[in-house]
Amino acid sequence: MDDIAPPNAPSILMKTYKPPRAENTLVIPVDHSGDGLDVCVFLADKSGVEFKLEGGKMATAQEMHELVVELLELPPMARDLFALWVVSPLLEIQLKPHHVPFRVVQQWPDLLLKYSSASNKEISLDEPVLLFRRNVFFPKNKEMREVRAEECLRLLYAEAKYNVLEGRYPCSAQDCEALAGLQAVAENGTYDSNRHKPSFFKPEQYLPGHLCKSSWLRARPEERIAEQHRLASAKLNVISTQKVLKKYMELVWKLPMYGSAFFVGQIERPAGILGTWIQNPDIRVVVAINAQGVCIVDKEKNEILLLLPFEKLSWEYAEPPCRKKEGCLPCLFVQFQACDRKHSDYTRLLQVFSKQAIMMDAMIESSVLLKTGSVPNTPSSCTVLIYPRLQDVRERLNSALRGQRSSLTEVAR
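The notes below deal with the structure included here.

Rules of the game
Residues numbered from 1 in each chain as written. Predicted model: local features only at pLDDT ≥ 70, side-chain atom pairs only at ≥ 80, totals over all residues. Heavy atoms only, no water. Core = buried A, V, L, I, M, F, W, Y, C linked by side-chain atoms within 4.5 Å. Buried < 20%, exposed > 50% of the residue type's maximum accessible area, 1.4 Å probe, protein only. Contact = heavy atoms within 4.5 Å. Helix = DSSP H or I, 4+ residues; strand = E, 2+ residues; numbered from the N terminus. Pairing = 2+ DSSP bridges. Axes fitted to C-alpha atoms, helices over the stretch in contact; angles between N-to-C directions. Parallel < 35°, antiparallel > 145°, perpendicular 65-115°, else oblique. Left-handed = near helix turned anticlockwise from the far one by under 90°. Phe/Tyr/Trp six-rings, centres within 6.5 Å; stacked < 30°, edge-to-face > 60°. Lys NZ or Arg CZ within 6 Å of the ring centre and 35° of its normal.

With that settled, consider the nonpolar core. Core analysis: the largest hydrophobic core is formed by 114 residues, its most contacted members being F51, F132, Y248, M249, V287 and I289. Setting aside its immediate chain neighbours within four residues, M249 contacts E143, L153, L156, Y157, A160 and Y258. In terms of nonpolar packing, the next biggest core, distinct from the first, is built from six residues, A318, L329, C331 and F353 among them.

A few words now on the pairing of strand 4 (residues 91-94). Of the two faces of strand 4, the one carrying L91 and I93 and the one carrying E92 and Q94 are both buried. Two elements, strand 3 (residues 82-88) and strand 4, share four bridges in a ladder whose sense is antiparallel. Counterpart to V86 in the pairing with strand 4 is I93. The antiparallel pairing of strand 3 with strand 4 creates a hairpin that spans two residues between the two strands.

The N-to-C vectors of helix 8 (residues 173-188) and helix 10 (residues 241-252) enclose an angle of 160°; their axes lie 9 Å apart at closest approach. Overall, the two elements helix 8 and helix 10 adopt an arrangement that is roughly antiparallel. Of the two elements, helix 8 crosses helix 10, and the hand of that crossing is left-handed. Contacts from A178, L179, L182, Q183, V185 and A186 of helix 8 reach helix 10 at V244, L245, K247, Y248, L251 and V252.

What follows deals with the pairing of strand 5 (residues 129-134). Judged by how many residues are buried, strand 5 sits mostly within the fold: six of six residues are covered. Sheet topology places strand 1 (residues 37-42) next to strand 5; two bridges connect them, and they run parallel. Across the sheet, V41 pairs through a bridge with L130, a residue of strand 5.

Let's shift gears to the sheet that holds strand 3. If you walk across this open sheet you meet the five strands as 2-1-5-3-4, and the pairing is mixed. Of all strands in the sheet, those bounded by a partner on one side alone are strand 2 (48-53) and strand 4. Recorded for the sheet is a direction-independent mean angle of 30° between the axes of neighbouring strands.

Taken as a whole and judged by the stated rule, the model has six aromatic pairs. These aromatic residues form a ring-pair network of at least three members: Y169, Y258 and F262. The ring of W85 has R133 lying over it, and the distance from NZ or CZ to the ring centre is 4.1 Å.

Shown next as structure tokens:
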């Protein structure tokens, strides 16, 4: 493999790139001539680290990762805390150390065909980027104890803020507003009544979309942000950037979805009054999986439907009998104990349909191994199961796999 070090010391350029098509689309500038490669690795705040690699088409993720850590002058623990990802609006993949990013980007259309339900037009317009962000397998407890460097806190803060504002970390209105207040301090300094009036704030930059709407039941979002800015400034006796960022992260660390890998899927909508006479559309969901457990969120309502630690679930991945049939998707079965109104225990089964079901299955395996002390590089590196899969699920749900799909099916204990 070619040496990744260019003949001259690579220069670092920090700036924000404006996408050519959609507002949230970012592009990797690449020079396809020869073996040299102009690479831009983006950060969570959409700034980029730009450098040129000789022989870059064969450079591994680990080599690029090391170069980014060096250029950003991050502390040694950043090598484990962060990872290199290839990300687009349609798919997110954390790279293994030996992966070659250039090849992954070249193969992106094939990966989208395999792991997304996007149309051919959507696939042709999709543009992946290299992203430097949190390693999904880094232990949260270790992060909470040991991350002190302001440079690392800034990167974690930018990623956490993005996930909160995009609704990937569903939380209460109270928590969202408290985070908005800390964000206002971090980005605008101490509250100044003459400067930081409600009109100063743009709600969409501080709150998730569903909290940006005005309501006669509560104050306008701009007023709530300004008030939280005032309260946060008052609580922080000595305001330093590091202290504010740490305070923000302390709130985010409490969220059950923190540090998750995100997947998309769908579950069957429970039958209404008319039962099966009317076919209800499936519920689009986001499946968040981290080292603690599985969280399933209603994508439209931004509501948590299911939150389970690994100790309280079993799972199984299943392929459809007719793989080539349109609309026939792989699925992930999640079995868990529930309690009815009479406080009687029974077993429930949730069926998540998705082309990414195999990725969810691998992520659960990896996270389970992580809890036992064996840290894998990526989900697909796991071969041993510690927590139980569903026992004989394919036999018991054979009818479901043949077309009679079930979402939350009660199974006799």
